[in-house]
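Chain by chain, the residues run as shown.
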Amino acid sequence: MAAERAAILRLEGLEKRFGGVVAADRLSLSLRAGEVLGVVGPNGAGKSTLFNLICGSIPADAGSVLLEGRDISRLAAHRRARLGISRTWQHVRLFPSLSVLDNLVMSGQSYPGESLLAALFRPPALRRAMAQMTRAAEAALEAVGMSHRAGHRVAELSYGQQKLVGLARALMNEGPVLLLDEPLAGVDPRNQITMRAIIDREAARGRAVCVIEHNIGVLRELAARMVFMFAGRAEAEGPPAAILGDPRLRRIYFGGTA
Amino acid sequence: MEYVLTILALIVLWTILSASFNLVIGFAGLLIVAQPLFYGIGAYATAAAAMFLGVPVPLAPLLGILAALLASIVLSVPCVRVSGDYLLIASIGFLLAGLQVIRNTESIGGAGGLAHIPALFEGPNRTLWFLLVSGAFAAATLWLVRWLVSGDFGRAVVAMRDDEEALAGLGRDVLRIKVFLVAVSAGCAGLAGGLYALHFQFVSPDQFELLHAAMMLACVIVGGIGSTLGPPVGAAIVIALPQLITMLEMPPAVMAAIQGMLFTGLVIAFLFLRPQGLFGSAAAVGGSRVEAK
Amino acid sequence: MMDVTVFLQIAWSSIAGSSFYVLVAVAFALYLKVTTYWNFAQAAQIGIAFYLLYALVRVLAWPAWAALGATFVVVAGFGLALEAWGMRVLRRRNSPHLTYFIFTFMVAQFAGFLLMLLGGTEPRSLVASLFMPGFLVAGVSVTAWDVEAIIVTLVLLGGIALLLSGTAAGERILAVSDNRQLAEFYGISAERTYMLASIVCAVPIVAGVWLFGTRTTFLPTTGLDLLLIATVATILGGVGSVIGAGVAALALGLMRGFSVFVVPSIWENALVYFALVLAVVFLPRGFGGLWTSLLARRRAARMSQAAATARASEAA
Ligand SMILES: Nc1ncnc2c1ncn2[C@@H]1O[C@H](COP(=O)(O)OP(=O)(O)OP(=O)(O)O)[C@@H](O)[C@H]1O
Ligand SMILES: [Mg+2]
């Protein structure tokens, strides 16, 4: 069944070093349409770095990222997001000076308010486009059950609520790739159910979803396929049962050495 | 009376300068301190347009604005992608290199400066008229800064100051926003330069030194970095305070030194005793904000 | 076109004449390496050092060694005061980098004005006459100042290198500059180390000012000018490399010496500043960084070629 699905995002030989630390070591992976790929591995394995390389926040030392066959390795982060690579961050990173709704409003693939003409003249067309954006943002907030917090400042939210808003912000981008960095960490059980439902729903819509998670119990239910990372390498890849059953990987995960 | 009007006119020009400077360092979060060069380029281009190109005097500042704007793009397009301190260093280099070019260009007066620039207003009330016109431009600058940092575009500007990497990851073109804000800011400084040239009728490279960047910083810090009301108050204090010293009878060299110590000392005092300035919010000067590593 | 003797003469004079640039650049780069701040207040230290030396040597006629010792104490004390009452307060507040720049820059300007008030605006020098008799070595004129400058610079650089690599204090400095958190975890006080670094920096500053003042004239604004050249050198040498900054300062000195053949001297300063802008844009990690990134690019090209062949064979 996995073979029928088209690879939407392919990584080929990604490499990244931070001084002496190898954070990505010849990483080659693909994300497939409609599939949830789980990424596990001990702290410092390079999981978040993998996301940063895909979305372009940090440049790779070598290797390429292909989105639907097109090489996007040289595009800036914002161009990649506009092409439909949407993500959340491990530490959420909402904009603290803005309200919850404002955090969402400008996070779509396009944002009419960004144009320089709009900055200077605020034409009526802008107002109409923005009204539409606001409706989309309200819908995304509704989906994560945070509508009642729309006008609040980020600082007034609990950490778990911020994670939900972070997910809603990523949902504003309706592109083919969704990258979620530890979406469940710090979220209470009731909201975890909401999150999981959304992840399932987005995959069912045909998006390629990639989830980094330390909560392996949840991830094995969500993900059809898993990658185990260690020291910047993809140590193993396969169905969750195979990955989680491998005693060597368990030793790495819990012992921290190979 | 004439003296007071002249001081007021300077305060008004420095309001334009510091408000637009604040747009870059306070709102865009960019450490670009080449503002005196944009001011100088505006002044020189305006003077040159009026003197050598036959542009009607009231229209000459348009060329000043344009020249400053273009100069800012030359600096910002290659430089805004480097961050923080590097940008600061590059902008200092750009300022000093630009001044050196002006000093070495004899056709615009070289190091000696350019004199006999035609005046915007003639007659006994020229300072009053000038004050009114530049006051209107200063009000327009304050309004423009407010306009840009509020509304739909301003939302992106605020988010950029909070976390520009996240904003870029969400699809917003951070570089373009920065280049735009720097260009607007430089254009305003160019306008101030044009107005200055057409009233004081003499410009020289010594008026646009790194020292003047320090003075603009002083206006912004005293008024409150990242506030829209701070710059005029900061400009008033930084320009007017040294004038009080001139009441005392002192040799000019001594006076210049004391005036300089006064405004730099004021900034240092504000940095430690009231870092948010008179009107700013604490958020803009750190406190809780942690530099992303 | 340019005969060998002229070439050697210019090379020799520029190497000797670079000595104070090298020393100031090393102080600037060392402070940056340890604390991550561009310390423009070192311009104030330079200014204080010069005018104090001037007062002690020219006005009070102290012997050079006593004047240098006293000046070192004052300049190092000033650095310590700046750390304790300035930088440390800002660090406690978690201030953004902009604030450190404004603070150190304003201190430099303030000191410039203060020295202008005390010392006037006329150029001054530490010796009564700047004329230096030379002796000929293979047709090249060598002065006592040249020899002194080169020896002092080499000795101080060697001393700093020894301090950093061979002593416990140097180990602490390097540990904090590598990773402040980790160093503190191992019980090294970062604040104390910053203080130590600012004392160490006072040595090349005072020596550099001495050499500068015995060769040419000084103005209240000279401190910032020297520091700007140090900044260019630090960037060209690669931030984090103290030796790199020193070498780059030497290279800048040579470039200025030889540039007279290429550009008129009025463009010399402009050239340095343009070099600064270009260095930041194209070589933000200095020439060392250029080398590493070239290597990385070559490797990346090989990788993507390999990937392309793999894809092609997969398709076939
Ligand atoms: N911007 C950076 N600069 C320097 N080092 C970095 C940077 N980002 C990551 N690293 C280093 O790269 C390694 C991989 O980090 P990464 O954040 O990708 O790990 P992770 O697998 O997400 O870990 P965790 O489970 O703790 O989130 C770590 O050693 C980290 O310190
Ligand atoms: Mg992580």
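Because the structure is a prediction, the values reported are computed rather than measured. (Residues numbered from 1 in each chain as written. Chains lettered and ligands numbered in written order. Predicted model: local features only at pLDDT ≥ 70, side-chain atom pairs only at ≥ 80, totals over all residues. Heavy atoms only, no water.)

Student: Hey, could you go over the overall build of chain A for me, with residue numbers and the actual values?
Tutor: Within chain A, the regular secondary structure consists of 10 helices and 10 strands. Taken over C-alpha atoms, the radius of gyration comes to 19 Å for chain A, in line with the 18 Å a tight globule of 258 residues would show. Within chain A, the proportion of its 258 residues that are buried is 56%. Long-range contacts, defined here as pairs at least 24 residues apart, represent 69% of the contacts in chain A between residues at least 6 apart. With an accessible surface of roughly 10800 Å², chain A has 53% of that area assigned to carbon and sulfur atoms. (Helix = DSSP H or I, 4+ residues; strand = E, 2+ residues; numbered from the N terminus. Rg over C-alpha atoms; globule rule 2.2 N^0.38 Å. Buried < 20%, exposed > 50% of the residue type's maximum accessible area, 1.4 Å probe, protein only. Contact = heavy atoms within 4.5 Å. Areas by Shrake-Rupley, 256 points an atom, 1.4 Å probe, with all protein chains shown as cover.)

Student: Break down the overall build of chain B for me, with residues and values.
Tutor: A tally of helices and strands in chain B yields 11 helices and 0 strands. Helices (α) and strands (β) of chain B occur, in sequence order from the N terminus, as α-α-α-α-α-α-α-α-α-α-α. Taken over C-alpha atoms, the radius of gyration comes to 19 Å for chain B, in line with the 19 Å a tight globule of 293 residues would show. If one aligns the C-alpha atoms of chain B with their principal axes, the spans along those axes are about 55 × 45 × 35 Å. Burial status across chain B gives 62% buried among its 293 residues. Considering only intrachain contacts with a sequence separation of at least 6, the fraction spanning at least 24 residues in chain B is 77%. A total accessible area of about 10400 Å² is found for chain B, and carbon and sulfur atoms account for 70% of it.

Student: Help me get a handle on the confidence of the model for chain B, residues and values and all.
Tutor: All names here are of chain B. In the predicted model, chain B carries a mean pLDDT of 89, and the fraction of residues at 70 or more is 96%. Mean pLDDT across the elements of chain B ranges from a minimum in helix 10 (residues 230-245), with 89, to a maximum in helix 2 (residues 35-52), with 96. Note on residues 284-293: pLDDT is under 50 here. Beyond four places in sequence and across chains, it has 19 contacts. (pLDDT = per-residue confidence, 0-100.)

Student: Describe a nonpolar patch on the surface, listing the residues and the values that go with them.
Tutor: Residues and elements named next belong to chain B. On the surface, Tyr-3, Val-4, Leu-8, Leu-241, Leu-244 and Met-247 cluster together into a nonpolar patch covering about 550 Å² of accessible area. With 3 residues, helix 1 (residues 2-27) is the single largest residue contributor to the nonpolar patch. For Leu-241, the location among the structural elements is in helix 10. (Patch = residues over 30% accessible without salt bridge, like charges linked within 9 Å, V, L, I, M, F, W, Y side chains within 5 Å. Salt bridge = Lys/Arg side-chain N within 4 Å of Asp/Glu carboxyl O.)

Student: Please give an account of the coordination of the magnesium ion (ligand 2) that cites residues and values.
Tutor: Residue and element names in this part refer to chain A. Bound to the magnesium ion (ligand 2) are the protein donor atoms Ser-48 (OG) and Gln-90 (OE1), situated 1.9 to 2.2 Å from the metal. Taken together, the residues Ser-48 in helix 1 (residues 47-55) and Gln-90 in the loop between strand 6 (85-87) and helix 3 (100-105) connect sequence positions 42 residues apart. Take Gln-90: its relative accessible area is 24%, and that puts it in the partly exposed class. (Donors = N, O, S within 2.8 Å, 3.2 Å for Na, K, Ca; no water.)

Student: With reference to specific residues and values, describe helix 7 (residues 168-178) of chain C.
Tutor: All names here are of chain C. Among the residues of helix 7, Gly-170, Ile-173, Val-176 and Ser-177 are the ones counted as buried. Summarising the axial view, the buried residues of helix 7 lie within an arc of 130 degrees, below the 170-degree limit, and thus occupy one face. Of the residues in helix 7, the exposed ones pointing more than 90 degrees away from the buried face are Ala-168, Glu-171 and Asp-178. The elements touched by buried residues of helix 7 are helix 2 (19-35), helix 6 (144-166), helix 8 (180-185) and helix 9 (190-215). (Arc of directions from axis to C-beta.)

Student: Lay out the pairing of strand 3 (residues 36-40) of chain A in plain terms, naming residues and giving numbers.
Tutor: Consecutive side chains of a regular strand alternate in pointing toward one face of the sheet and then the other. Residues and elements named next belong to chain A. With 5 of its 5 residues buried, strand 3 lies for the most part within the structure. Here strand 3 shows two buried faces, one formed by Val-36, Gly-38 and Val-40 and the other by Leu-37 and Val-39. Two strands pair when backbone bridges link them, and strand 3 and strand 9 (residues 225-230) are joined in this way by 4 bridges, in the parallel orientation. Along strand 9, the bridge assignment pairs Gly-38 with Met-226. (Pairing = 2+ DSSP bridges.)

Student: Just give me the short version of unusual backbone geometry, but keep the residues and values in it.
Tutor: Backbone geometry at Glu-182 of chain A places phi at a positive 45 degrees, although glycine is not the residue there. Mapped onto the secondary structure, Glu-182 of chain A falls in the loop between strand 7 (177-181) and helix 7 (189-204). Positioned with a positive phi, Gln-201 of chain B is a non-glycine residue whose angle comes to about 65 degrees.

Student: Tell me about the site of ligand 1, residues and numbers included.
Tutor: Residue and element names in this part refer to chain A. Taken together, 14 residues sit near ligand 1, with Gly-44, Lys-47, Ser-48, Thr-49 and Gln-90 positioned nearest. For ligand 1, an oxygen atom lies 3.2 Å from a polar atom in the backbone of Ala-45. One nitrogen or oxygen atom from the main chain of Gly-46 is found 3.0 Å from an oxygen atom belonging to ligand 1. For ligand 1, the accessible surface in isolation is 630 Å², of which the surrounding protein chains cover 65%. (Near = heavy atom within 4 Å. Polar contact = N/O pair within 3.5 Å; in protein donor to acceptor, adjacent residues only side chain to side chain.)

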